[in-house]
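# Tertiary structure, described
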Amino acid sequence: MFTQWQRKQHQKMIYILVQILTTVWAVNSQQQQQLQVTEVPNVSGTNLRNSGYEYQYVEDWPKLSRKLGSVSAVAFDLRGNVVVFHRGSHVWNISSFDQKNRYTYVETGPINESTLLSFESAGGDLLNEWGANFFYMPHGLTIDKSNNYWLTDVALHQVFKFDLSVSSSEPVLTLGERFEPGTGSSSFCKPTSVAVLDNGDFFVADGYCNGRIMKFSSDGQLILNWGKNSFVLTRTFILPPGPVPENFLAIPHALTYLEDRELICVADREQGRIQCFHGQNGTFHSMYSNTQIGSRLFSIKYLPLDGGLFFMINGPQFTTSEPINGLIMSMNNSEIVGRFYPDTNPQNAFNNPHELAVSADGGQIYVAELLPTKVHKFKRKGQVPKVIKSLEHYRFPPSPPMVADTLYASSLTIVSIVASLLGTSCLILCVSRTMCFKSGGGSGRRSRFSTASENIALHRMGREDEERGEAQ
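These numbers were taken from a predicted model, which means no experiment stands behind them.

Thresholds, definitions, all that
Residue indices follow the written sequence of each chain, beginning from 1 at its first position. Local features in a predicted model are, by the rule used here, given only for residues with pLDDT of at least 70; side-chain atom pairs are given and counted only at 80 or more, and totals for whole chains, interfaces and linings are based on all residues. With hydrogens and water stripped out, all remaining heavy atoms of the structure feed into the side-chain values. Only DSSP runs of H or I covering at least 4 residues are called helices, and only runs of E covering at least 2 are called strands; the numbering of each starts at the N terminus. Think of it this way: DSSP has to see at least two bridges between two strands before they count as a pair. The axes used here are C-alpha line fits, helices contributing only the stretch in contact, and every angle between their N-to-C directions lies in the interval 0 to 180 degrees. Between buried and exposed lies partly exposed: a residue is buried under 20% and exposed over 50% of the maximum accessible area for its type, with that area taken using a 1.4 Å probe on protein chains only. Throughout, disulfides are identified as pairs of cysteine sulfur atoms within 2.5 Å of each other. Whether two residues are in contact is decided by their heavy atoms: any pair within 4.5 Å suffices. Only Phe, Tyr and Trp rings take part, Trp by its six-membered ring, and two of them pair if their centres are within 6.5 Å. Stacked means planes under 30 degrees apart, edge-to-face means over 60, and tilted covers everything else. As a per-residue quantity, pLDDT reports the predictor's confidence and falls between 0 and 100.

### Here's the deal with unusual backbone geometry
The linkage connecting W61 with the following residue, P62, adopts the cis geometry, with an omega of 0°. Cis rather than trans, the peptide bond between L371 and P372 has omega equal to 0°. Residue position: P372 is located in the loop between β25 (364-369) and β26 (374-380). Positive phi, close to 60°, is recorded for N133, a residue that is not glycine. Mapped onto the secondary structure, N133 falls in the loop between β5 (126-130) and β6 (138-143).

### Notes on the sheet that holds strand β8 (residues 158-162)
Ordered by their spatial adjacency, 4 strands build an open sheet running β6-β7-β8-β9, and the pairing between neighbours is antiparallel. Where the open sheet ends on each side, the last strands, each with one partner, are β6 and β9 (173-175). Ignoring strand direction, the axes of neighbouring strands in this sheet form an average angle of 15°. Sheet topology places β6 next to strand β7 (residues 149-153); 4 bridges connect them, and they run antiparallel. Bridge pairing links L141 to L151 in β7.

### A word on the pairing of β7
In the case of a regular strand, side chains alternate between the two sheet surfaces. Along β7, 5 of the 5 residues are buried, which leaves the element largely enclosed by surrounding structure. Burial along β7 is two-sided: the face carrying Y149, L151 and D153 and the face carrying W150 and T152 are both buried. Joining the antiparallel neighbours β6 and β7 is a turn of 5 residues, in which N147 adopts a positive phi near 65°. Bridging between β7 and β8 involves 5 bridges; their strand directions are antiparallel. From the neighbouring strand, T152 faces β8, where its bridge partner is V159. In sequence, β7 turns back onto β8 through a hairpin of 4 residues, with H157 there showing a positive phi of about 60°.

### Side note on the state of the cysteines
Applying the stated criterion across every chain yields a total of 2 disulfides. Residue C189 pairs covalently with C209 via a disulfide, S to S 2.1 Å. On the S-S bond that ties C189 to C209, the torsion sits near -60°, and the link is left-handed. Here C209 lies in the loop between β11 (202-206) and β12 (212-216) and C189 lies in the loop between β9 and β10 (191-196), a separation of 20 residues in the sequence.

### A few points about the side chain of S295
Among the secondary structure elements, S295 is positioned in the loop between β19 (284-288) and β20 (299-303). On the basis of relative accessible area, S295 is assigned to the buried category, the value being 12%. Apart from the residues within four sequence positions on either side, S295 is in contact with R269, E270, Q271, G272, Q317, F318, T319 and T320.

### Points about the packing of aromatic side chains
A complete count under the given rule lists 31 aromatic pairs for this structure. Note on W92 and F97: the rings are 5.3 Å apart at their centroids and 55° apart in plane angle, and the pair reads as tilted. An identical accessibility class is assigned to W92 and F97; each is buried. Ring geometry for F203 versus W226: centroids 6.3 Å apart, planes at 80°, classification edge-to-face.

### Quick word on the confidence of the model for the protein chain
When the pLDDT values of the protein chain are averaged, the result is 79; 70% of them are 70 or greater. Counting contacts from residues 21-49, a segment whose pLDDT is below 50, to residues more than four positions away or on other chains yields 51 contacts. Between residues 384-419, whose pLDDT stays under 50, and residues either more than four places distant or in other chains, the model counts 63 contacts.

Structure below.
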């Protein structure tokens, strides 16, 4: 006989399974209905890009004799150098966190190598490195206009501000409780990203568990917060049918501040969309999406060019079959006006891109990749037009019809998901304390759930236990 606690756990897990199956079935049905009338995304390997937004891949960048760990973030410093934030020998896998979101490998100690490396942007020479023996699971990196480094660590559940003119080993500001996830005003649960205003106030995306945005004063005092977690595996309520409303966030994974519009915009990762809010009071402003993004959106950056452009990476897909791309979206009407991805060598193809950095003029793009562990560099060909007079001119030609192939891939995805979930149900009924999800995607793409403690593994469990990709 099961105890009352075990019965409650069983009921909770059955509810989650029903929610997943319902969501996946609905998405798949909608895809099949639309396939006959929707342009199929280009998957032929041909880089269909408008000449004004055409980027070429730069081989052999950076110049580094040793191998990086999983690269979680990349940014520009004030001198235009490129800074990468990587995880060294630490890997985020399905055993990294327990069911209460606590990091399980505290006893192994912090990463013992430099986690932050600065490279000269043109040639890729290593200029500086620091951050050893401090971080456990790096995630987000932001460098503000005063050259302060803002960093998040999902294992520590903390946000740090470093002023390198003061110290590279001791932060000048620390927020959150060390190794303690929380929901309060002074705590985080796997925070993902930071965006900083000119006056020193800053926003934190919090993150994998809480699904909220928090705004702080320059000295770290909470000003306001908003947002509600809507991720299917972790929410505690039932959403009505139809599109998920604004202010609901399924892993707010990256932030970008639109200074000219005073908006803070969020990559709503598991809902494949951008939500923008008024920076002053956190009220909803607008939402942006496009079928070419797919179901997951990992990172965004904004440039005030051509009426406003979002540079994005979509990452591995779960319920859709869009290729992994870098995308450029116009804020005018959510049209995709450009894209970028490695096309010079199949070995350089995107697999688990996690974050990107874009130079102020849009001339350079850098993409951080979890696995393979590397940084991609792209250089723009020509000049970006200042005004887009007619977006019809910038539409991509459709790929050859591939309805049958897409239906087949979609069916493979559903079969593998259902099989995995049924297997998990049996495991739950047999061992009440084992609560683990795992999913394999079709079309050669990898999508993986970790524990029910809101981790999503994005890495193949190959090289030293494959990593995941939030949520990572």
